[in-house]
Amino acid sequence: MHPAHSPALIASTVKVRDVKISPDGKHIMYQVQAFYKPVDRFIAELWVAQSNVAYSARQLTDGQYYDKLGVFHPTKPGVVVFLSDRWNPGKGANLYMLDIRDENPEPVLLTKEVIKKGVLQFQISPDGGYLAYASPIAGAESNDVRIYGSHTNSLGLFMFHFDTGEISSTTIRSDRHIESFTWSPDSTHLLYRLRKGRSAEAAEEEVLLERIAIDNASLPVQVGLYARSPAGPNIWLRSGHVVSLQSFEEENILDSRTLYVHREEGAWTRKSWVRKLYGETDDAVRIVDMSYGDDDMDTGMIAVEVCSDTDTRIDGVVFRSPRNGDEDDVLEVIPLFQTQNEAVWFGAWDARRVHTEDGGVVYVCSAVLSSGIRHESPNVWSVTVPARGDAKVNGNGVVHKASAKICLSRHLQWLVDAPHIPTEVFHWKAKDGTDLSGLIRYPPGYNNSTTEKLPTVMFLHGGPYRRDVPDYMPYFCNWREMLASAGYVVVSPNYRGSQGRGHDFAQSANLGIGTLDWSDCASMVDAVIARGITDPSRLGIAGWSHGGSMAAWGITETKNRFSAAIIGAGVSNWESMVMEASSPELEAAIGGVKPWLARKDSPVHKVKGVTTAVLILHGEKDERVPLAQGLGLYRGLKKNDGNVEMVIYPREPHGFVERRHAEDVMNRVLEHFSKWL
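Structural notes, computed from the coordinates. If you're wondering where the values come from, they're calculated on a predicted model, not measured in any experiment. (Residues numbered from 1 in each chain as written. Predicted model: local features only at pLDDT ≥ 70, side-chain atom pairs only at ≥ 80, totals over all residues. Heavy atoms only, no water.)

A closer look at the overall build of the chain
Which entries qualify depends on this criterion: In this description a helix means any DSSP run of H or I spanning at least four residues, a strand means any run of E spanning at least two, and both kinds are numbered starting from the N terminus. Each radius of gyration reported is based on C-alpha atoms, and the globular scaling rule is 2.2 Å times the count of residues to the power 0.38. Accessible area is worked out with a 1.4 Å probe on protein chains only. A residue is then buried under 20% of its type maximum, exposed over 50%, and partly exposed in between. The contact definition used throughout considers only heavy atoms, calling two residues in contact when any of these lie within 4.5 Å. A 1.4 Å probe and the Shrake-Rupley method give the accessible areas. Residues count as covered only by the protein chains that appear here. In this tally, Asp and Glu contribute negative charge and Lys and Arg positive charge; neither His nor the terminal groups of the chain are included. Here the site of a charge means atom NZ of a Lys, CZ of an Arg, CG of an Asp or CD of a Glu.
Helix and strand counts for the chain come out as 10 helices and 38 strands. Here the C-alpha radius of gyration of the chain, 25 Å, is about what a compact globule of 677 residues would show, namely 26 Å. If one aligns the C-alpha atoms of the chain with their principal axes, the spans along those axes are about 70 × 60 × 50 Å. Within the span of the chain, comprising 677 residues, buried residues form 58% of the whole. Restricting to contacts in the chain with at least 6 residues of sequence separation, those with at least 24 account for 60%. Of the roughly 27,100 Å² of accessible surface on the chain, a fraction of 48% belongs to carbon and sulfur atoms. Positive and negative side-chain charges in the chain, numbering 71 and 84 respectively, have mean positions lying 4 Å apart.

See the structure below:
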């Protein structure tokens with residue numbers, strides 16, 4: 001089969017992401033990056049658009065280097081600061097700036113000299129005077145011998161002064177690794193998180209939160225303690241609050257994400273938050289500071305990305321300074337944006353509170369949106385919401401009327417030109433009566449009135465704390481559109497443990513793989529067969545990462561229900577996974593086993609009798625799911641007369657980076673299902 005959504009086109013495509021809104025709300029900047037390395041390094045460019053002018057996007061940088069993490073300077077109109085490897089392509093990034101008002105903006109090095117160790121992350125102070133950045137410490141790599149479990153910091157936290165061009169260092173402790181940092185609203189302090197090491201395993205352990213004055217006049221002060229790394233950075237608001245995203249129940253590794261609100265005064269422990277928002281029936285998955293650099297001294301405002309089933313909304317949450325012991329610090333929750341038969345690309349959105357020239361206030365929101373239902377490729381959109389005035393009241397309180405959505409860019413036209421893949425949000429009930437949802441993608445030209453039953457592939461999302469949504473963006477390990485384009489019905493269940501349904505739904509993953517999640521997946525296959533869509537004799541199953549783990553579980557549990565399976569970087573032995581993977585606590589929670597305490601059946605223990613034709617795909621340098629997981633399943637099936645093939649990709653980590661390997665993966669997926677379904 002040769003689908004229009006071909007491996008060659010998918011492997012050579014780009015992704016649109018990292019959206020930023022200017023302080024005056026008039027411009028939107030974003031990054032366009034090749035999904036995979038076209039040569040020996042990544043390439044990405046910055047684009048900018050007028051926030052209220054349709055299709056106004058224009059390219060800012062030349063696309064010859066890896067330009068990333070662009071931000072607008074908070075007090076210098078038109079000035080953009082970003083990271084780039086243009087000083088030495090393929091090497092560490094340095095700080096550059098340009099002015100978007102120039103007809104042909106030319107990036108210039110921000111610092112007096114190149115920072116040879118490179119810059120990993122940075123943030124400009126709200127008053128625009130300083131830029132804090134993290135960079136490897138000189139000599140940190142002089143000895144490549146690793147003492148496993150040792151507590152060391154390989155990063156330094158430095159300060160660049162815009163007026164003088166001078167760079168100074170901060171006196172933070174050396175026995176912990178800097179995870180993230182943020183500025184105080186008055187630009188006098190830095191708030192930063194420290195964990196025991198750089199590894200993913202250290203993110204599962206206790207994390208400290210400290211602050212330090214940028215003049216180094218005093219020693220760092222510990223202000224907080226987390227059970228494990230929060231999701232994303234902290235935000236320090238003018239209202240006197242520090243907010244972060246953590247598990248609904250802090251001790252749970254697998255749970256919905258919740259917005260935790262602390263007051264800045266004094267130190268706090270894990271249980272000393274003053275407010276929790278979201279996470280009970282939905283999930284808060286990302287936050288941004290809408291009031292960064294704003295001089296409104298009474299209130300702070302953040303935007304929250306909220307997942308609700310297969311939909312997404314962005315709320316603005318306004319905080320006020322605590323008054324007379326008042327516990328209700330949340331002044332208002334304002335709906336800014338709600339998806340309608342579309343999806344927001346992973347974290348690709350921004351929102352700002354903007355003071356207009358006539359003295360008013362508006363909220364500007366911008367996001368990368370795509371829709372499989374409407375056949376719309378990922379592009380940058382914007383919407384403006386008035387803070388006051390033109391509003392209506394309904395049963396839920398005040399609803400601020402937004403402007404019409406405006407599409408600002410025209411990227412990924414090949415997806416629009418390809419045949420439409422009919423996409424449907426599908427609901428059904430699990431065997432125990434739980435309401436479930438997922439997506440069905442049909443071959444181009446599919447007619448609901450047809451009586452023909454089609455070959456069907458169940459494609460399982462990873463995570464498990466992820467979800468399938470009605471987006472439209474194929475990539476090397478997301479084969480939904482490609483397989484539908486090749487003539488298959490593709491079904492994707494949001495099984496228990498997924499994102500979007502809140503605490504009870506997400507934390508059920510702590511029961512261990514196979515307890516509830518697999519029966520949820522199997523019940524979707526039953527539902528589409530009952531609907532008359534699917535030929536039950538031509539079933540396939542596939543997934544990458546945890547999706548591959550679920551597929552491995554499914555074929556060894558059912559033995560012969562699926563004619564063909566593809567296991568992409570999946571787990572086959574949960575005991576060894578806990579012992580050798582980069583995130584052992586997470587894997588122990590997903591697998592429901594700690595091998596030094598108990599044993600549990602895994603797919604490798606149940607390979608006998610499997611008749612499914614299995615293709616295993618794995619990267620040689622995968623640390624998240626080590627190569628041995630694929631080899632173990634291959635050997636187990638082979639020793640038991642199974643029909644199995646395994647392909648190993650040299651140099652590749654968990655998420656592939658080389659274009660030719662990405663294309664090869666997708667070609668093999670098509671060939672395998674064409675042969676066996």
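From this point, the discussion proceeds with the structure in view.
Some remarks on the sheet that holds strand β21 (residues 283–289)
Hydrogen bonding along the main chain pairs the strands of a sheet, whether they run parallel or antiparallel. Condition: Following DSSP output, two strands are said to pair if at least two bridges run between them. Angles run from 0 to 180 degrees between N-to-C directions of axes, and those axes are lines fitted to C-alpha atoms, restricted for helices to the stretch in contact.
Ordered by their spatial adjacency, four strands build an open sheet running β21-β22-β23-β24, and the pairing between neighbours is antiparallel. The strands lining the two open edges of the sheet, one partner per strand, are β21 and β24 (330–338). In this sheet, neighbouring strand axes are inclined to one another by 25° on average, regardless of whether the strands run parallel or antiparallel. Where strand β23 (residues 311–320) lies against β24, seven bridges are found, and the strand directions are antiparallel. Directly across from Gly316, in β24, lies its bridge partner Ile334.

Section: the pairing of strand β35 (residues 534–544)
Here is the rule we go by: Here is how to tell: hold the view so the strands point away, follow the path from the first strand over the helix to the second, and if it runs clockwise the crossover is right-handed.
Burial of β35 is extensive: eight of the 11 residues sit out of reach of the surface. Pairing analysis gives six bridges linking strand β33 (residues 454–460) to β35, with the strands arranged parallel. Across the sheet, the residue bridging to Val457 is Gly540, located in β35. Summarising the sheet, β35 and strand β36 (residues 564–568) pair through five bridges and their orientation is parallel. Counterpart to Ile541 in the pairing with β36 is Ala565. The β-α-β motif built from β35, the intervening helix α6 (residues 546–558) and the parallel element β36 has right-handed crossover chirality.

Brief notes about the side chain of Ser545
Tracing the chain through its elements places Ser545 in the loop between β35 and α6. Not counting residues within four places of it along the chain, the set of residues in contact with Ser545 comprises Gly568, Ala569, Gly570 and His654.

Thoughts on the side chain of Asp520
Considering the arrangement of structural elements, one finds Asp520 in helix α5 (residues 517–530). You can call Asp520 buried: its relative accessible area is 0%. Dropping the residues within four chain positions of it, Asp520 is found in contact with Trp428, Ala430, Leu436, Tyr495 and Arg496.

Quick notes on empty space enclosed by the protein
Defined as follows: Buriedness for pockets is judged along seven lines, at least five of which must meet protein on both sides within 12 Å for an open set on the 1 Å grid over protein atoms alone, while cavities are sets there where a 1.4 Å probe fits but cannot get out, and lining residues have an atom within 4 Å of a point. Grid points are joined across faces, edges and corners, and a volume is the space filled by probe spheres set on the points. Any residue that is not Ala, Val, Leu, Ile, Met, Phe, Trp, Tyr, Cys, Pro, Asp, Glu, Lys or Arg is counted as polar, Gly included; the first ten are nonpolar and the last four charged.
Inspection of every chain in the model, using the stated rule, returns six cavities of 30 Å³ or more. The volume enclosed by the largest cavity comes to roughly 80 Å³. Lining the largest cavity, in full, are Gly463, Ser545, His546, Ser549, Val571, Trp574, Met577, Glu587, Ile590, Arg624 and Val625. Taken together, the elements giving at least two residues each to the lining of the largest cavity come down to α6, α7 (574–580) and α8 (584–591). Each residue belonging to the lining of the largest cavity can be placed in one class, and the counts come to five nonpolar, four polar and two charged. Here the second largest cavity defines a volume of roughly 70 Å³. Looking at the second largest cavity, the residues that line it are Pro126, Trp183, Ser184, Pro185, Trp236, Leu237, Arg238, Asp289, Ser291, Tyr292, Gly293 and Asp294. Here the residues of the lining of the second largest cavity are counted per class, giving six nonpolar, three polar and three charged.

Describing the state of the cysteines
Just so we agree on the cut-off: To count as a disulfide, a pair of cysteine sulfur atoms needs to be within 2.5 Å.
Considering all chains together, one arrives at zero disulfides under this definition. Counting only cysteine sulfurs, Cys307 is the nearest neighbor of Cys365, a cysteine outside any disulfide, at a range of 14 Å. Since its relative accessible area comes to 3%, Cys365 is described here as buried.

Overview of the pattern of salt bridges
Our working rule: Whenever a carboxyl oxygen of Asp or Glu lies within 4 Å of a side-chain nitrogen of Lys or Arg, that contact is scored as a salt bridge.
On inspection of all chains with the given rule, the structure shows 29 salt bridges. One salt bridge in this structure joins Arg101 and Asp99, with 2.7 Å as the shortest N-O distance. Close ionic contact of Arg480 with Asp468 constitutes a salt bridge, the shortest N to O distance being 2.6 Å. Note that Arg480 is positioned in helix α3 (residues 480–485) and Asp468 in the loop between β33 and α3, a separation of 12 residues in sequence. Taking the relative accessible area as the measure of exposure, Arg480 reaches 3% and is therefore buried. In this structure Asp468 comes out as buried when scored by relative accessible area, which is 5%. A network of salt bridges, in which partner residues are shared, links Arg441, Asp468, Asp471, Arg480 and Glu481.

Here we look at the packing of aromatic side chains
Rules: Any pair of Phe, Tyr and Trp rings, taking the six-membered ring for Trp, is counted once the centres come within 6.5 Å. Such a pair is stacked with planes under 30 degrees apart, edge-to-face with planes over 60 apart, and tilted for the rest. Only lysine NZ and arginine CZ atoms are considered, and such an atom sits over a ring when it is within 6 Å of the ring centre and within 35 degrees of the ring normal.
Summed over the entire model, instances satisfying the criterion amount to 22 aromatic pairs. Relative to Phe158, the ring of Tyr133 has its centre 5.4 Å away and its plane inclined at 25°; by these criteria the two rings are stacked. Pair noted here: Tyr133 is in strand β10 (residues 130–136) and Phe158 is in strand β11 (residues 155–161), with a separation of 25 residues, a long-range link. Seen in terms of ring centroids, Phe476 and Phe656 are 4.8 Å apart; in terms of plane orientation they differ by 15°. Their pairing is stacked. Taken together, the residues Phe476 in the loop between β33 and α3 and Phe656 in the loop between β38 (644–649) and α10 (659–676) connect sequence positions 180 residues apart. Pair check on accessibility: Phe476 and Phe656 agree, each one buried. Here the aromatic residues Phe35, Tyr36, Trp345, Phe346, Phe459, Tyr475, Phe476, Trp479, Trp544, Tyr649 and Phe656 are joined through ring pairs into a cluster of three or more. Across the ring face of Phe505, the terminal group of Arg501 is positioned such that the distance to the ring centre comes to 4.4 Å. Lying across the ring of Trp553, Lys606 places its NZ or CZ 3.8 Å from the centre.

Focus on the environment of Leu208
Position of Leu208 among the secondary structure elements: in strand β15 (residues 207–213). With relative accessibility at 6%, the residue Leu208 sits in the buried group. Sequence separation of Leu208 and Glu580 is 372 residues, and the distance between their C-alpha atoms is 26 Å. Contact partners of Leu208, with chain neighbours within four places excluded, come to Arg173, Arg176, Tyr192, Arg193, Leu194, Gln222, Gly224 and Leu225.

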